[in-house]
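# Observations on the model geometry
Here is how the chains run, residue by residue.
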Amino acid sequence: TKEKAFPFLTNPSFKKIWDAWLEVRKKMKVPNTEPALRLALNKLSKYPLEIAVEMVEKSVERGWRGIFELKENKSNPKSTKQAGINWLKGGSDAK
């Protein structure tokens, strides 16, 4: 069964957001084919549950057809911004 292959599907918080994403795809008239869903679940299964939920949440929030890696670094979200500020101020990274 899918639940054995993809244990995330037995988690209520994951299942809720997964079903919401399937609804987004349905409203976009994107077929929820078995191969497409299996690929998405395979991608998600490479991450911890918390990250997988965030990835699906982002796709629902943005109305995306696919599932994508998170780009922001939650442990230090200011690092990129700070690097840009340092560069603008003529910091050590400026050339």
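Conventions and cut-offs
- Residues numbered from 1 in each chain as written.
- Predicted model: local features only at pLDDT ≥ 70, side-chain atom pairs only at ≥ 80, totals over all residues.
- Heavy atoms only, no water.
- Core = buried A, V, L, I, M, F, W, Y, C linked by side-chain atoms within 4.5 Å.
- Buried < 20%, exposed > 50% of the residue type's maximum accessible area, 1.4 Å probe, protein only.
- Helix = DSSP H or I, 4+ residues; strand = E, 2+ residues; numbered from the N terminus.
- Contact = heavy atoms within 4.5 Å.
- Axes fitted to C-alpha atoms, helices over the stretch in contact; angles between N-to-C directions.
- Parallel < 35°, antiparallel > 145°, perpendicular 65-115°, else oblique.
- Left-handed = near helix turned anticlockwise from the far one by under 90°.
- Nonpolar A, V, L, I, M, F, W, Y, C, P; charged D, E, K, R; others polar.

## Looking at the nonpolar core
With 17 residues, the main nonpolar core has F14, W18, W21, L44, V56 and I67 as its most contacted residues. Taken together, the elements giving at least two residues each to this core come down to α2 (12-27), α3 (34-44) and α4 (49-62). For this core, the leading source of residues is α2, giving five residues. Once residues lying within four places of it in the same chain are set aside, the contact partners of F14 are F8, L9, L41, L44, L49, A52, V53 and V56.

## Some remarks on the packing of α2 against α4
Contact geometry for α2 and α4: axes closest at 9 Å, N-to-C directions at 25°. For the element pair α2 / α4, the angle class is roughly parallel. Here α2 runs over α4; the crossing is left-handed. Mapping the contact onto sequence places S13, F14, I17, W18, A20, W21 and V24 in α2 and L49, A52, V53, V56, E57, S59 and V60 in α4. Taken together, the residues of the contact of α2 with α4 sort by class into 11 nonpolar, two polar and one charged.

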